[in-house]
Amino acid sequence: MRREVFLMSTSTTTGRRSRMPNPLPFLPEMAVVGEGLHKALRNGVIPPVTIGLLQLRAGQLLGSTYFTVRETAGLRGLGEPEERITAVATWRDATCFTEAERVALELVEAVLTPNPSGERVSDELYARASALHDDRAMWSLVMAIAHIGFFTPAALIAKPIPGMPPGRNYSE
């Protein structure tokens with residue numbers, strides 16, 4: 001019965017509904033954790049564009065329309081050209097990314113993609129990443145991936161409404 005209600009209901013602003021309501025009335029502590037992760041991303045060590053590219057790739061790998069739409073809009077807001085935004089899905093063949101962006105994309109893929117032969121982040125990948133980034137920057141990349149990891153269950157289970165701003169991305 002609950003599923004039928006979900007499918008028949010519509011949001012007055014988008015025609016779409018989330019599966020679950022806003023989590024903050026139920027778990028207000030989530031806001032504190034989320035804000036801490038957001039603050040870590042805004043520390044200026046890793047350029048916002050690199051974080052956006054990394055998180056867009058994560059959204060693609062996770063199959064999350066919410067993350068993909070959010071990060072695409074964020075990258076457009078930063079002035080990124082459509083060529084770079086659309087090339088994220090095929091970044092290995094694209095020539096428009098810097099080495100630092102490439103290693104960030106490779107790291108997020110390694111973390112989020114199962115490796116049947118064992119270790120996901122090889123020593124070789126870590127060596128290439130750490131050659132481009134000092135310890136603070138490496139931890140900032142870790143936190144950019146952790147940010148997506150923290151919100152992944154909500155994005156995949158609760159399905160917030162793509163394109164809606166935080167606070168308005170869940171149905172009532």
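The paragraphs below set out a description of the structure included in this document.

Cut-offs applied
- Residues numbered from 1 in each chain as written.
- Predicted model: local features only at pLDDT ≥ 70, side-chain atom pairs only at ≥ 80, totals over all residues.
- Heavy atoms only, no water.
- Helix = DSSP H or I, 4+ residues; strand = E, 2+ residues; numbered from the N terminus.
- Rg over C-alpha atoms; globule rule 2.2 N^0.38 Å.
- Contact = heavy atoms within 4.5 Å.
- Areas by Shrake-Rupley, 256 points an atom, 1.4 Å probe, with all protein chains shown as cover.
- Lys, Arg positive; Asp, Glu negative; His and termini not counted.
- Charge placed at Lys NZ, Arg CZ, Asp CG, Glu CD.
- Patch = residues over 30% accessible without salt bridge, like charges linked within 9 Å, V, L, I, M, F, W, Y side chains within 5 Å.
- Salt bridge = Lys/Arg side-chain N within 4 Å of Asp/Glu carboxyl O.
- Buried < 20%, exposed > 50% of the residue type's maximum accessible area, 1.4 Å probe, protein only.
- Axes fitted to C-alpha atoms, helices over the stretch in contact; angles between N-to-C directions.
- Left-handed = near helix turned anticlockwise from the far one by under 90°.
- Nonpolar A, V, L, I, M, F, W, Y, C, P; charged D, E, K, R; others polar.
- Phe/Tyr/Trp six-rings, centres within 6.5 Å; stacked < 30°, edge-to-face > 60°.

Attention now goes to the overall build of the protein chain. Assigned secondary structure in the protein chain consists of eight helices and zero strands. The N-to-C order of helical and strand elements in the protein chain reads α-α-α-α-α-α-α-α. Over its C-alpha atoms the protein chain spans a radius of gyration of 17 Å, differing by no more than 12% from the 16 Å that the globule rule assigns to 172 residues. Referenced to the eigenvectors of the C-alpha coordinate spread, the extents of the protein chain come out at roughly 55 × 35 × 35 Å. A separation threshold of at least 6 residues defines the contact pool for the protein chain, and within that pool the share at least 24 residues apart is 63%. Surface exposure of the protein chain reaches about 10,100 Å², of which carbon and sulfur atoms provide 60%. Here the protein chain contributes 18 positive and 18 negative side-chain charges, whose respective centroids are spaced 9 Å apart.

Attention now goes to a nonpolar patch on the surface. Nonpolar side chains collect at one region of the surface, where Met20, Leu156 and Ile157 lie side by side and expose about 260 Å² of accessible area between them. Exposure remark for Leu156: the relative accessible area of 34% places this residue in the partly exposed category.

The next subject is the pattern of salt bridges. This structure, assessed with the given rule, holds nine salt bridges. Its salt-bridge partner being Arg76, residue Glu82 comes within 2.6 Å of it at the nearest N-O pair. Classification of Arg76 by relative accessible area gives partly exposed; the value is 46%. Connected through shared salt-bridge partners, Arg57, Arg92 and Glu109 make up one network.

This part is about the packing of helix α3 (residues 48-62) against helix α8 (residues 135-158). Where α3 contacts α8, the two axes come as close as 10 Å, and the packing angle between them is 35 degrees. Once α3 is placed against α8, the crossing between them reads as right-handed. Contacts from Ile51, Leu54, Gln55, Ala58 and Leu62 of α3 reach α8 at Leu141, Ala144, Ile145, His147, Ile148, Thr152 and Leu156. For the contact of α3 with α8, the residue count by class is nine nonpolar, three polar and no charged.

Positioned with a positive phi, Lys159 is a non-glycine residue whose angle comes to about 50 degrees. Structurally, the position occupied by Lys159 is in the segment after α8.

Looking now at the packing of aromatic side chains. Evaluated as defined, the whole model comprises two aromatic pairs. Each ring, one from Tyr66 and one from Phe67, has its centre 5.9 Å from the other, and the planes form 50 degrees; the classification is tilted. Like Phe67, Tyr66 is buried. Measuring from centroid to centroid gives 4.8 Å for Phe150 and Phe151, while their planes differ by 85 degrees, and the two rings are edge-to-face.

Any link to function would need more than the numbers given here.
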